[in-house]
Amino acid sequence: MPEHFEVIIIGAGAAGLMCAATAAKRGKKVIVLDHANKMAKKVLMSGGGRCNFTNLSIEADNFISNNPHFCKSALKRYTQWDFIALVEKYHIDYYEKTQGQLFCRESSKLIRDLLSQECQSNGAQIRLKCEILSVETVLSSSQTDTFKAIETIKSESAKDLNLTAKNQIGSSNQNTTFKLTTSLGAFTCESLVIATGGLSIPTMGATDFGYQIAQQFGHQVLPTRAGLTPLTFKGRLLNAFKEMAGNALQVQVSCGQQTFNEAILFTHKGLSGPAILQISNYWQPGQAISINLLPHVDIATWITQLKESRPDIQLKTALASHFSQAVASFFASEVGFQGKLKQLTPQHIENIVQTLSDWTIYPEGVEGYRVAEVTLGGVDTQQISSKTFESALQSGLYFIGEVLDVTGHLGGYNFQWAWASGHAAGNYV
Ligand code: FAD
């Protein structure tokens, strides 16, 4: 006999655990199934081990989706303040690192423990190392009766009655039972929640399971790509970046209409750091990115004054007042001026301003899912209720968290989406 639950959630990550705790709090009989050997692995590794669990300022503009309004309702109904209250209830010490980003002072394990405790104290079960082999719908007895009724009606060719029976099918669909075949036996449920996340970091258990289930039930899955990932370069720039590896700069990075004021980091593969991760969500192959290396400096005034006060220094020495020696030498060569400041012409000064305020470079690619923090694209939200997260195509089926086509900026937004969508579905299943 299959084990029966009112709610089965596949995926013991941030969204799945929040959903489980919320549904169990309502008295639902809930189980979470996950193929991994530990729950909430991404919570554990997040924020460099300190979990950037939310942000003080959460707006729809912080999320990328083909359907930009979709995220608004859930984010309004479970806010950053709700999650902060939960963190405080568990006496977890936290701090604002930068730009509203809230991190645990001690360890992200405390957020994992909070989620685990919320599930446990409300009676939600969690079963790990559980491979899901198949998901199917089975007819409940009321549906079987309805189908029998249709057969009778069809044989009587009663058009108007046939219509009534069809309507009954629509309503009996409310009682769909899902049957899951798994490595730990068979399970059945009335509500099935898919919380299996995106494709980033496959070594942490990421799979395309959620997309497969979505397609099985007729949902569209929008093209996926790695997000919040370092950018790679080749040739001359890559060699230069290797020389400067480890140096970080506070800059302004732009791509198309998007601009981020954060740090970049030179690495042996190209560019990383928060500003680069942010812009990687918007960058498309072949596009340029533009970097203002001194966003808070009036470069023309600064270099003109320096030409007066220190005419005999070289440009790379002047640049070293803002950058390390290695970075200063590189940008002096990017400007293409190797002489002393007293030799600078107005054209040279214009070149310096142009290079330092709008350094335009063409990435070769992104580092990809191996290191990406998130997956862009996913289950199309057009066929999902923004209120309940239930499928419009299959009643009783829900999608939450990163598996959906909703991706947050860097800064705690992705967890806030997991909490909000998990909470919304948990209140409805
Ligand atoms: P996940 O947390 O990915 O959970 C999905 C679960 O489903 C996993 O437990 C997985 O094992 C399970 N699963 C997958 N496939 C199957 C299957 N076939 N069968 C059974 N189970 C399956 N966001 C922030 O807001 N702040 C941060 O500080 C932050 N840091 C991050 C650092 C890193 C290195 C990474 C990779 C991500 C980070 N993120 C951060 C993003 C954040 O972790 C995710 O957006 C969030 O975890 C998504 O939650 P989720 O529950 O939808 O999916």
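Here's a quick rundown of the structure. Here the structure is a predicted model, which is why all the values come from computation and not from measurement.

1. So, the pairing of strand β9 (residues 177–182)
Pairing of strand β8 (residues 132–138) with β9 involves six bridges; the strand directions are antiparallel. Considered in β9, the bridge of Val135 is made with Leu180. By the bridge criterion, five bridges tie β9 to strand β10 (residues 185–194) in an arrangement that is antiparallel. Its bridge partner lying in β10, Thr182 is registered against Gly185. Connecting the antiparallel pair β9 and β10 is a turn made up of two residues.

2. Quick look at the sheet that holds strand β13 (residues 248–255)
In spatial order, the strands read β17-β16-β13-β14-β15-β12-β18; together these seven strands make up an open sheet with antiparallel pairing. With partners counted over all chains shown, the strands left at the sheet margins are β17 (359–361) and β18 (365–366), one partner each. In this sheet, strand β14 (residues 258–266) lies alongside β13 in antiparallel orientation, the contact comprising eight bridges. Bridge assignment links Leu249 to a residue of β14, and that residue is Ile264. The sheet strands contacting helix α13 (residues 325–335) are β13, β14 and β17, and the helix crosses β17 at an angle near 85°. Where helix α14 (residues 346–357) meets the sheet, it contacts β16 (289–292) and β17, and its direction lies at approximately 115° from that of β16.

The rules behind these values
- Residues numbered from 1 in each chain as written.
- Predicted model: local features only at pLDDT ≥ 70, side-chain atom pairs only at ≥ 80, totals over all residues.
- Heavy atoms only, no water.
- Pairing = 2+ DSSP bridges.
- Helix = DSSP H or I, 4+ residues; strand = E, 2+ residues; numbered from the N terminus.
- Contact = heavy atoms within 4.5 Å.
- Axes fitted to C-alpha atoms, helices over the stretch in contact; angles between N-to-C directions.

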